[in-house]
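Below, each chain spelled out in residue letters.
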Amino acid sequence: MTKPVNSTYGVSLWRSIRVLWPALKSQVSIRVLNGNRTSFWNDNWLGNGALKDLFSDIYALAHHQQRSIAKMWSPQGWELILRRDLNDWEISRMAEFYKQLDDFTGTQNGDDTLRWQGHSSGKFSVNAAYKMINQPTPQVTNWPWKHIWKTKIPCKVACFSWLLAKEAVLTHENLKKRNWTMCSRCFLCEKEVETVGHLFLHCRITDQLWKIFINLRGIAWTMPRKITEALFSWEAAGAGADDISRWKMVPACIWWAIWKERNSRCFENSSNTMQEIKLNCIKLFLFGVTRSTQRILYLS
Ligand SMILES: [Zn+2]
C-alpha cells in the first residue's frame, strides 16, 4: 500500500481512495493454514487486531517479534520465549494472552489467505465495502441536510447555506485560518470580530432580520451558537405549523441577504439602509414562496 497522501498536490481522486484504506484494512484478517506468511505478532489473524497491539506489554517482553506463526507453533504448542521471568503480577495477564490463542488448533497444509470480515463469506466485494463505509454515523445523522436541500429556495442560496453550515464561507475568521493577516471587524455593526457565528446569527443587524419572522409567529426563540444548531432549532420552533415549508426557507433567506450586504460593503463600498436590507430578505423569501406555490399549482 502506498503512503498516506499529505500534500496539497497530486491526484485528488487517489487521495480520496487512499483515506478509505484504514477502514478497509481494519476489516481484513488472515485465515491461517500453514502459517508461513503470517506474522504472529504483527498480523491480524485472530480477527480482533494484531497481538502486538492487544498485548503490547507481553510483546515488549517477547523475543523474536518478527516470527511467523509457522515458526512460533510446534506440535507441543506455542514457543514463546521471553526476555526475562515474569513477575507475580504479570501471570494473570499471561493467562489472558494464552486464552486469546485457545481457538488456534494448529497449522495445516495450504497457504494462508486473506479474509474479509465485512461479509459472512469472507470474500471481499465492493458492494459490501461501500455499505460498510457508508453506514450512517451519529455525526452524519446530525447533519441538517434536509433543512438545507429540501426547501424551495433557489439552488445558489441553498448552496450558500450548505457552505455556511460547513463553516466554509470566507469570513474574516476563516481567512485568518488560511493565514491571511487582517484586522477583523464586522462590516455590518462595525463593532465585533467577524466570525460566522457573529455575522449570521448574533450581529445586531442580522438579529433584526430574524426578529421579522419571529415576531410574525409570536414565538420566543433563543439564538444557538452554531449554524447547524440554528437550522435544527429553527425547524423545531416551527414544528406543526401549516406553513412549515415556508418557515424552513427563512434561515437561508436571512443568510443570503446578510452575505450580499456584507460583500457590497466589503468590496463595493456601498451599503443599504436597515430597511433596504430587510426588504431584500423579504423579497427573496417571497420569491421562494411563489416558487413553491407555482409548483403546487402545476402538480394539481
Ligand atoms: Zn456585526
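The structure this text deals with has already been given above.
Reading guide: rules and limits
- Residues numbered from 1 in each chain as written.
- Predicted model: local features only at pLDDT ≥ 70, side-chain atom pairs only at ≥ 80, totals over all residues.
- Heavy atoms only, no water.
- Phe/Tyr/Trp six-rings, centres within 6.5 Å; stacked < 30°, edge-to-face > 60°.
- Helix = DSSP H or I, 4+ residues; strand = E, 2+ residues; numbered from the N terminus.
- Salt bridge = Lys/Arg side-chain N within 4 Å of Asp/Glu carboxyl O.
- Buried < 20%, exposed > 50% of the residue type's maximum accessible area, 1.4 Å probe, protein only.
- Donors = N, O, S within 2.8 Å, 3.2 Å for Na, K, Ca; no water.
- Tetrahedral: all angles 85-135°; square planar, octahedral: opposite > 155°, others 65-115°.
- Patch = residues over 30% accessible without salt bridge, like charges linked within 9 Å, V, L, I, M, F, W, Y side chains within 5 Å.
- Areas by Shrake-Rupley, 256 points an atom, 1.4 Å probe, with all protein chains shown as cover.
- Axes fitted to C-alpha atoms, helices over the stretch in contact; angles between N-to-C directions.
- Parallel < 35°, antiparallel > 145°, perpendicular 65-115°, else oblique.
- Left-handed = near helix turned anticlockwise from the far one by under 90°.
- Contact = heavy atoms within 4.5 Å.
- Nonpolar A, V, L, I, M, F, W, Y, C, P; charged D, E, K, R; others polar.

Participant: Would you mind going over the packing of aromatic side chains with me for this structure?
Facilitator: Centre-to-centre distance and the angle between the planes together describe a pair of aromatic rings. Using the criterion set out here, one finds 21 aromatic pairs in the structure. For the pair Phe40 and Phe97, a centre-to-centre distance of 6.4 Å together with 75 degrees between the ring planes defines the contact as edge-to-face. Of this pair, Phe40 sits in the loop between β1 (28-31) and α3 (51-54) while Phe97 sits in helix α6 (residues 91-100), placing them 57 residues apart in sequence. Between Phe213 and Phe285, the ring centres sit 5.2 Å apart and the planes meet at 70 degrees, which makes this aromatic pair edge-to-face.

Participant: How should I be thinking about the pattern of salt bridges in this particular structure?
Facilitator: Pairing between side chains of opposite charge can happen when their charged atoms approach one another. Under the defined criterion, the tally for this structure stands at seven salt bridges. Where Glu90 meets Arg84, a salt bridge forms, and the shortest distance between an N and an O atom there is 3.0 Å. Judged by its relative accessible area of 38%, Arg84 falls in the partly exposed class. The partner of Arg225 in a salt bridge is Glu229, and the shortest N-O contact between them spans 4.0 Å. Accessibility expressed as a relative area gives 63% for Arg225, which makes it exposed. Since its relative accessible area comes to 32%, Glu229 is described here as partly exposed. One network of salt bridges, with partners in common, ties together Asp57, Arg93 and Glu96.

Participant: Explanation requested: the coordination of the zinc ion in the structure shown.
Facilitator: Geometrically, a metal with four donors at the corners of a regular tetrahedron has ideal angles of 109.5 degrees, and one with six donors at the corners of a regular octahedron has ideal angles of 90 or 180 degrees. Those donors, Cys186 (SG), Cys189 (SG), His198 (NE2) and Cys203 (SG), are the protein atoms that reach the zinc ion, and they lie 2.1 to 2.3 Å from it. Taken together, the four donor atoms coordinating the zinc ion and their angles of 106 to 114 degrees define a geometry best described as tetrahedral. The sequence pattern formed by the donor residues of the zinc ion is C-x2-C-x8-H-x4-C. Comparing Cys186 with Cys189, the two get one shared label, buried.

Participant: What am I meant to see in a nonpolar patch on the surface here?
Facilitator: A contiguous nonpolar patch, built from Trp145, Trp149, Trp162 and Leu163 and spanning about 380 Å² of accessible area, is present on the exposed surface. When residues of the nonpolar patch are traced back to their parent elements, those giving at least two are α9 (145-149) and α10 (155-165). Among the structural elements, Leu163 can be located in helix α10. Relative accessible area serves as the criterion here: at 33%, Leu163 is assigned to the partly exposed category.

Participant: How do you make sense of the packing of helix α13 (residues 204-217) against helix α16 (residues 250-267) when you look at a structure like this?
Facilitator: Axes are the key here: two packed helices are described by the angle between their axes and the distance separating the axes. Running from N to C, α13 and α16 point in directions that differ by 150 degrees, and their axes come no closer than 10 Å. For the element pair α13 / α16, the angle class is roughly antiparallel. Considering only the axes of α13 and α16, their crossing is right-handed. Within the contact between the two elements, α13 uses Thr206, Leu209, Trp210 and Phe213 and α16 uses Val250, Pro251, Ile254, Trp255, Ala257 and Ile258. Per-class residue counts for the contact of α13 with α16 are nine nonpolar, one polar and no charged.

Don't take any of this as a statement about function, it's just geometry.
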